[in-house]
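Overview (structure and organization)
Chain residues, written in single-letter form:
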Amino acid sequence: MLFEPITVGRMELRNRVMVTGHVTLFAEGGAPGPRYVAYLEERARGGVGLIETEFAAVHPTGRFPGACDASTDACVPGYRAAAEAVHRHGARLTAQIGHEGRQTSSAYTELPLWSSSAVPCPVNREMPKEMEVEDLDELVEAYARAAERMRRAGLDAVTVHGLHNTYLLGQFASPWVNRRTDAYGGPLENRIRLVLRIVRAVREAVGRDFTVGLQMSVADFAPGGLDADRYVEVAQRLDATGCLDWITVKCGSFASRDLEVPDMQHPPAPWVDLAGKVKAAVRRAKVVAVGRITTVEQAEAVLRRGLADLVAMTRQHIADPETVRKALEGRAEDIRPCIGCNQGCIDMLFRARPITCTVNPGVGKEGERGRAVPAARPRRVVVVGGGPAGLKAAEVAARRGHLVTLVEAEEELGGQVRVAARAPHRGELLGAVRWLEVQVRKLGVEVHLGRRVDADEVLALSPDLVVVATGSRPTLRPVGLLNYGVEDPPVRPGRVTTAYDVLAGRCRPTGRVLVVDDGEGSWKSTSVAEALLDAGCGVTLATPLATVGASIGAHSLAVLLPRLFAKGLQLAPFAVYRGMAGRTAHLTVQGRDQRRAADWVVLAGWHEPEAALYFDLKGQVDVVRVGDCVAARTVLEAIREGDAAGRAA
Ligand code: SF4
């Protein structure tokens, strides 16, 4: 069913898989340039039915830094190139057009922000202007002109974006933001007057022989916001205009950020029943279900249950642009899964960086680097270390035709990812290394487990190239800059341990536990804290920063921190760990000494590289090192560096 064709408006789609718009920061000059076109083309080549380009502003007041801009004709050539590239591979292209409303920044637009009411966005905290009636007329016209540009550029459809609490049309529809008393405020029919005007104007601008969709939220999960029943009513009214060919159903708001882009802490496909409510209520428009749908089985189930007509698998296609093709070829085990980490995509975007992907380092480099080419001369490559960096290096080198031997000291592949995945709500991390493990075995890599090798043993394998991926080790001595001057020898047998040993099940602290973050602000400290809370410990998390999780994205923190606090986590901010004596931990908090009763201290900070083998081999053989043994970081950097080493082999 998922791979059967479907007609949506005037579009014939080869299947029911969609990639919805997501800002990449690959745009150039406000339009798709070569980098973004190559990114889109790769997804079209992979077999998806309908691709939606990222948010493009219809009006200068609604621009988003680095994203597309559909407010002038200057965007048309870029969109034309995108349409041609996507069409070459049999997919269809629609463009998301919208207005950010209060959630952009005047630092970028150099114009006052527009919104329904003078209510600031909780994220950018800038006061917007309440739009005047003339502004509304200008906006309606801007949507119509932007839609007409997309038709002129040769796209197949246009998507009216923004009926989503965080964007302008949602800022009108939802009473969470809209406090107006004129014809655009008050009862629901007034609050949706603007979006109704816009869909009619867009339809008039593009004509009946063009396809028009709309993306909307169906639950704000915000105090005073709209619930699903009211949004379903909105969908019915929009459908009744006869102007829309499909409705894409999203969820969440800035009051429920974790639901906007649900990560692995959420179950798969959390919004599909809400899509089903819209599907049951509308008569004309097709419905697209969205949200952490990562497997073909999940997507098929949505269609089989009659909850939607199409299924968006957006992050899955960031992780593996060839998902559809591989599924059609019966190569399910070759589909590289999106693990729902958010680290490379939405988290990167919120750091104002172009997106990438933890498991797919090729994102954003599709045109520039191309596919890994077969090696001119097969070499004997020895990879030492079977964590994500070593596995990735082995996979790519073997795919290129090299003879690869992978040696791992432990009895299992996966390295520290296996340990991190034991933490509550982090199990999907395993997907990153499981896929690599399947690939290296299929590619004929010779794998040796439980074998710790020294330089002589490596050289005895007669390698042409050695890739050292020996990882990192936790330290019993904090290394963060703020934890200078640890006064007591922190190692007290039975009293001080590491997050790694706790998560690996090698140490089981009890009673009052002080977890020390050491300024890294990563999942390491929150994961071990949660595991200890679940085991019945009283846990205080000490950090030299203002709060915990400073390196974790807001969409993940929004569900993580409330859950930890609900489980009883205590926080010790601005706290520098100094040592442990008896059952007392010594902290310095903003220059003042503090003693805390603690039965255990768990150090959950930066790791140290395990680089001895690399230095032993250096100068004796062609050798590179990748991942944590260069500098201890995350799985994203490990896979990226393993990929680079495999390509350079
Ligand atoms: Fe999925 Fe993580 Fe890649 Fe985003 S970065 S697409 S969540 S695997």
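The sections below set out a description of the structure shown in this document.

Criteria and thresholds
Residues numbered from 1 in each chain as written. Predicted model: local features only at pLDDT ≥ 70, side-chain atom pairs only at ≥ 80, totals over all residues. Heavy atoms only, no water. Near = heavy atom within 4 Å. Nonpolar A, V, L, I, M, F, W, Y, C, P; charged D, E, K, R; others polar. Phe/Tyr/Trp six-rings, centres within 6.5 Å; stacked < 30°, edge-to-face > 60°. Helix = DSSP H or I, 4+ residues; strand = E, 2+ residues; numbered from the N terminus. Buried < 20%, exposed > 50% of the residue type's maximum accessible area, 1.4 Å probe, protein only. Lys NZ or Arg CZ within 6 Å of the ring centre and 35° of its normal. Expected span 1.5 Å × (residues − 1). Contact = heavy atoms within 4.5 Å. Pairing = 2+ DSSP bridges. Axes fitted to C-alpha atoms, helices over the stretch in contact; angles between N-to-C directions. Core = buried A, V, L, I, M, F, W, Y, C linked by side-chain atoms within 4.5 Å. 1 Å grid on protein atoms, 1.4 Å probe; cavity = no way out; pocket = protein on both sides within 12 Å on 5 of 7 lines; lining within 4 Å. Points joined across faces, edges and corners; volume = space filled by probe spheres on them. Polar contact = N/O pair within 3.5 Å; in protein donor to acceptor, adjacent residues only side chain to side chain. Patch = residues over 30% accessible without salt bridge, like charges linked within 9 Å, V, L, I, M, F, W, Y side chains within 5 Å. Areas by Shrake-Rupley, 256 points an atom, 1.4 Å probe, with all protein chains shown as cover. Salt bridge = Lys/Arg side-chain N within 4 Å of Asp/Glu carboxyl O. Lys, Arg positive; Asp, Glu negative; His and termini not counted. Charge placed at Lys NZ, Arg CZ, Asp CG, Glu CD. Right-handed = clockwise from strand over helix to strand, strands pointing away.

The next subject is the site of the ligand. Taken together, R315, I318, C338, I339, G340, C341, N342, G344, C345, C357, T358 and V359 form the complete shell of residues around the ligand. Residue classes in the shell around the ligand are distributed as seven nonpolar, four polar and one charged.

This next bit is on the packing of aromatic side chains. Under the counting rule described, the total for this entry stands at four aromatic pairs. Note on F26 and Y39: the rings are 5.4 Å apart at their centroids and 70 degrees apart in plane angle, and the pair reads as edge-to-face. Residue F26 is located in the loop between β3 (17-19) and α1 (34-45), and its partner Y39 is located in helix α1; the two are separated by 13 residues in the primary sequence. Taking the relative accessible area as the measure of exposure, F26 reaches 1% and is therefore buried. Considering the side-chain rings of Y36 and Y39, the 6.1 Å spacing of their centres and the 20 degrees angle between planes classify their relative orientation as stacked. Of this pair, Y36 and Y39 both sit in helix α1, three residues apart, which is roughly one turn of the helix. Residue classification places Y36 among the buried positions, given a relative accessible area of 1%. Every member of this aromatic cluster is reached through a ring pair, and the members are F26, Y36 and Y39. We note R102 situated over the ring of W176; from NZ or CZ to the ring centre the distance is 5.4 Å. Its guanidinium or amino end placed over the ring of W523, R426 lies 3.8 Å from that ring's centre, counting from NZ or CZ.

Attention shifts here to helix α18 (residues 430-442). Relative to the 18 Å expected for 13 residues at 1.5 Å per residue, α18 spans 18 Å between its end C-alpha atoms, a close match to the ideal helical length. The complete set of buried residues in α18 reads L430, G431, A432, V433, W435, L436, E437, Q439 and V440. Packed against the buried residues of α18 are α16 (388-399), α17 (416-420), β16 (446-448) and α24 (635-648).

This part covers the sheet that holds strand β24 (residues 584-589). Here we have three strands laid out as an open sheet, ordered β23-β24-β25, and antiparallel in their pairing. Each edge of the open sheet is held by one strand with a lone partner, namely β23 (575-581) and β25 (592-597). Strand-to-strand twist across the sheet, computed as the mean angle between neighbouring axes with direction ignored, equals 25 degrees. With six bridges connecting them, β23 and β24 associate as antiparallel partners.

The next subject is the sheet that holds strand β19 (residues 496-498). The five strands are arranged β19-β26-β20-β21-β22 in an open sheet whose pairing can be described as parallel. Two strands close off the open sheet at either side, each with one partner strand: β19 and β22 (570-572). Geometrically, the sheet is characterised by an average inter-axis angle of 25 degrees between neighbouring strands, direction not taken into account. As defined by bridge partners, β19 adjoins strand β26 (residues 600-603) across three bridges and the pair is classed as parallel. In the sheet register, T498 faces β26, and the bridge partner there is L603. Most of the contacts of helix α21 (residues 523-534) go to strand β21 (residues 538-542), to which it runs at about 165 degrees, and overall it touches β20 (512-516), β21 and β26.

With that settled, the discussion passes to the nonpolar core. Ranked by size, the top nonpolar core spans 162 residues in total, and within it L139, M216 and L238 carry the most contacts. Top contributing element to this core by residue count: helix α4 (residues 133-152), with nine residues. Excluding anything up to four places from it in sequence, L238 contacts L163, V195, L196, V199, L214, M216 and L244. Membership of the second largest hydrophobic core comes to 28 residues, among which are V513, A529, L533 and V548.

Looking now at the layout of surface pockets. A volume near 1000 Å³ is recorded for the second largest pocket. Lining the second largest pocket are 46 residues; nearest its centre among them are Y167, V261, I346, L349 and F350. Of all the secondary-structure elements, those providing two or more residues to the lining of the second largest pocket are α12 (314-319) and α14 (346-349). If one sorts the elements of the lining of the second largest pocket by residue count, α12 sits on top with four residues. Residue composition of the lining of the second largest pocket, grouped by class: 23 nonpolar, 17 polar and six charged.

One non-glycine residue, N342, adopts positive backbone phi at about 65 degrees. Within the secondary structure, N342 is located in the loop between α13 (323-328) and α14.

This part covers the environment of D309. On the secondary structure map, D309 appears in the loop between α11 (296-304) and β13 (310-312). Judged by its relative accessible area of 12%, D309 falls in the buried class. Once the C-alpha coordinates of D309 and D69 are considered, the two residues, 240 residues apart in sequence, prove to be 30 Å apart. Discounting chain neighbours no more than four positions away, the residues touching D309 are I6, R16, K279, K286, V287 and L303. Side chain to side chain, D309 and K279 meet in a polar contact 3.0 Å long. At 2.7 Å, the side chain of D309 forms a polar contact with the backbone nitrogen of V287.

The grouping of D454, D456, E457 and D616 at the surface amounts to a negative patch. Secondary-structure assignment places D456 in helix α19 (residues 455-459).

In this section: the pairing of strand β12 (residues 286-289). Here strand β11 (residues 246-250) pairs with β12 via four bridges, running parallel. Across the sheet, the residue bridging to W246 is K286, located in β12. Two strands pair when backbone bridges link them, and β12 and β13 are joined in this way by two bridges, in the parallel orientation. Considered in β13, the bridge of A289 is made with V311. In this fold, β12 hands off to α11, which returns the chain to β13; that crossover is right-handed.

It is worth stressing that arrangement in space is one thing and function is another; only the former is reported here.
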